[in-house]
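Overview (structure and organization)
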Amino acid sequence: MKTSWMTAAAISSLLTLAGCAGTGPNQQLGIAGGAVGGAVLGNAIGGNAASTLGGAAVGGLIGNEVGRNADERNYYNNRGYYPNNGPRY
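Given the structure is predicted, the values throughout are model-derived calculations rather than measurements.

**Notes on the overall build of the protein chain**
- When you go through the protein chain residue by residue, the secondary structure sums to three helices and zero strands.
- Taken from the N to the C terminus, the helices and strands of the protein chain come in the order α-α-α.
- In the protein chain, the proportion of contacts linking residues at least 24 apart, taken out of those at least 6 apart, comes to 61%.
- Carbon and sulfur atoms form 65% of the exposed surface of the protein chain, whose accessible area is close to 6,800 Å².

**A short note on helix α2 (residues 25–46)**
- Helix length check: α2, at 22 residues, gives a terminal C-alpha distance of 31 Å against a target of 32 Å (1.5 Å per residue), a fit within 8%.
- Within the span of α2, buried status applies to Gln-27, Gly-30, Ile-31, Gly-34, Gly-38, Ala-39 and Gly-42. Around the axis of α2, the buried residues are gathered within 155° of arc, so they sit on the same side. Of the exposed residues in α2, those oriented more than 90 degrees away from the buried face are Pro-25, Leu-29, Val-36, Val-40 and Ala-44.

**Remarks on the environment of Asn-74**
- Within the secondary structure, Asn-74 is located in helix α3 (residues 49–79).
- Here the alpha-carbon distance between Asn-74 and Asn-26, two residues 48 residues apart in the chain, equals 9.7 Å.

**Section: the confidence of the model for the protein chain**
- Averaged over every residue, the pLDDT of the protein chain is 79; residues scoring 70 or more account for 71%.
- Per-element confidence in the protein chain is highest for α2, whose mean pLDDT is 91, and lowest for helix α1 (residues 2–19), whose mean pLDDT is 68.

**Regarding the side chain of Asn-64**
- Locating Asn-64 in the fold gives a position in helix α3.
- Residue classification places Asn-64 among the buried residues on the basis of a relative accessible area of 14%.
- A distance of 2.4 Å separates polar atoms of two side chains, one belonging to Asn-64 and the other to Gln-27.
- Apart from the residues within four sequence positions on either side, Asn-64 is in contact with Gln-27, Gly-30 and Ile-31.

Here is what the cut-offs are and how they apply
Residues numbered from 1 in each chain as written. Predicted model: local features only at pLDDT ≥ 70, side-chain atom pairs only at ≥ 80, totals over all residues. Heavy atoms only, no water. Helix = DSSP H or I, 4+ residues; strand = E, 2+ residues; numbered from the N terminus. Contact = heavy atoms within 4.5 Å. Areas by Shrake-Rupley, 256 points an atom, 1.4 Å probe, with all protein chains shown as cover. Expected span 1.5 Å × (residues − 1). Buried < 20%, exposed > 50% of the residue type's maximum accessible area, 1.4 Å probe, protein only. Arc of directions from axis to C-beta. pLDDT = per-residue confidence, 0-100. Polar contact = N/O pair within 3.5 Å; in protein donor to acceptor, adjacent residues only side chain to side chain.

What follows is the structure, given as structure tokens:
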């Protein structure tokens, strides 16, 4: 039984890392932090493996959105109002 859980954990971590390949740094941190926080909260509420996995999934989704918004905000704030450092007359 422990081998199947270890295999499932290894496969899910591999898929998680592969899924984060094209994302920004805040989005990656948001996914990881949200998944860990959601797993802890899900385990505290439900106390079983299903609630832990469900909490990790929901936390990862919430962290993904929060991190993506932070990456987009940083991108648009660094561009400035005028392209190419101001208007050309």
